[in-house]
Amino acid sequence: MMDDTEQPLITNEFLQVVSLIPYGKVATYGQIAKLSGLPKHARHVGFALKKLDNHSDLPWYRVVNSQGKISLQKENERGENLQVLKLQNEGVFIVDGKINLKQYQWNTYE
DNA sequence: AACATGACCCTAA
DNA sequence: CTTAGGGCCATGT
């Protein structure tokens, strides 16, 4: 039997890392890619997340770009961004559409 | 196979 | 501070 469980990409690696982002913290696309061992694939992190369903358990909303801005532009009927709401709900302050990474970025050192 | 696209990143100006 | 350009590479057509 053929067992073609081959992934479109190494998507699972990305999602694995995303699931590790602590509550109330955020990580950048590049950071996720790097931690997954694929530093050149920052773009594909977003690509992988886009293919997710909104009812996924993954904290996809904790992923922002390197400038601390929300990359997802999609809005609901109220003109609100779901990612913004999710983050604010975790206590992440967003000023002028930007997040202070110095304060909220997931520090993988230690 | 070639071309366009993308929830990006980095540097220069 | 913002914008522009080049780099990157899997996916879709």
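The following refers to the structure shown. Worth saying up front: this structure is predicted, and the values here are computed from it rather than measured. (Residues numbered from 1 in each chain as written. Chains lettered and ligands numbered in written order. Predicted model: local features only at pLDDT ≥ 70, side-chain atom pairs only at ≥ 80, totals over all residues. Heavy atoms only, no water.)

Let's talk about the overall build of chain A
No. 1: Counting its secondary structure elements, chain A contains five helices and four strands.
No. 2: The linear arrangement of helices and strands in chain A, starting from the amino end, is α-β-α-α-β-α-β-β-α.
No. 3: The C-alpha radius of gyration computed for chain A amounts to 15 Å, which stays within 12% of the reference 13 Å derived for 110 residues, consistent with globular compactness.
No. 4: Reported as C-alpha extents along the three principal axes, the dimensions of chain A are approximately 55 × 40 × 20 Å. (Helix = DSSP H or I, 4+ residues; strand = E, 2+ residues; numbered from the N terminus. Rg over C-alpha atoms; globule rule 2.2 N^0.38 Å.)

Description of the protein's contact with DNA strand C
No. 1: Neighbouring residues of DNA strand C: Pro8, Leu9, Lys40, His41, Arg43, His44, Phe47 and Lys98.
No. 2: Sugar and phosphate atoms represent 66% of those atoms of DNA strand C found within 4 Å of the protein.
No. 3: Contacts to DNA strand C include Arg43, whose side-chain N or O atom sits 3.1 Å from a base nitrogen.
No. 4: Between His44 and DNA strand C, the recorded distance is 2.8 Å, taken from a side-chain N or O atom to a sugar or linking oxygen. (Near = heavy atom within 4 Å. Polar contact = N/O pair within 3.5 Å; in protein donor to acceptor, adjacent residues only side chain to side chain.)

Thoughts on the packing of aromatic side chains
No. 1: Under the criterion given, the structure shown has one aromatic pair.
No. 2: Their ring planes at 80° and their centres at 5.7 Å tell us that Trp60 and Tyr61 sit as a pair that is edge-to-face.
No. 3: Given a relative accessible area of 11%, Tyr61 falls into the buried group.
No. 4: For Lys50, the ring lying beneath its charged end belongs to Phe47, and the centroid distance is 5.7 Å. (Phe/Tyr/Trp six-rings, centres within 6.5 Å; stacked < 30°, edge-to-face > 60°. Buried < 20%, exposed > 50% of the residue type's maximum accessible area, 1.4 Å probe, protein only. Lys NZ or Arg CZ within 6 Å of the ring centre and 35° of its normal.)

Looking at the pattern of salt bridges
No. 1: Per the stated rule, a full pass over the model turns up two salt bridges.
No. 2: The residue Glu80 makes a salt bridge to Arg78 at a minimum N-O spacing of 3.9 Å.
No. 3: Residue class for Arg78 comes out exposed when judged on its relative accessible area of 66%. (Salt bridge = Lys/Arg side-chain N within 4 Å of Asp/Glu carboxyl O.)

Quick notes on the nonpolar core
No. 1: By size, the foremost hydrophobic cluster in this structure holds 28 residues, and its most contacted members are Ile32, Leu49, Leu87 and Ile99.
No. 2: Broken down by secondary-structure element, the contributors of at least two residues to this core are helix H1 (11–18), helix H2 (29–35), helix H3 (42–50), strand S2 (63–64), helix H4 (82–89) and helix H5 (101–104).
No. 3: Setting aside residues up to four positions removed in sequence, Leu49 forms contacts with Leu15, Val18, Tyr29, Trp60 and Val63. (Core = buried A, V, L, I, M, F, W, Y, C linked by side-chain atoms within 4.5 Å. Contact = heavy atoms within 4.5 Å.)

Remarks on the protein's contact with DNA strand B
No. 1: Lining the immediate environment of DNA strand B, one finds 14 residues, of which Tyr29, Gly30, Arg43, Lys50 and Ser66 sit closest.
No. 2: Across the atoms of DNA strand B situated within 4 Å of the protein, the share located in sugar and phosphate is 45%.
No. 3: In the model, a phosphate oxygen of DNA strand B is placed 2.3 Å from a nitrogen or oxygen of the Lys50 side chain.
No. 4: Contributions of two or more residues to the surface near DNA strand B are made by H2 and H3.

What about H4?
No. 1: Looking at H4, one finds that the buried residues are Gln83, Val84 and Leu87. The buried residues of H4 all sit within an arc of 100° when viewed along its axis, so they share a single face.
No. 2: Next to the buried residues of H4 lie S2, strand S3 (94–95) and strand S4 (98–99).
No. 3: Between a side-chain oxygen at the N-terminus of H4 and the backbone nitrogen of Gln83 the separation is 2.7 Å; the capping residue is Asn81.
No. 4: Gly91 lies just past H4 and shows a positive phi near 90°. (Arc of directions from axis to C-beta.)

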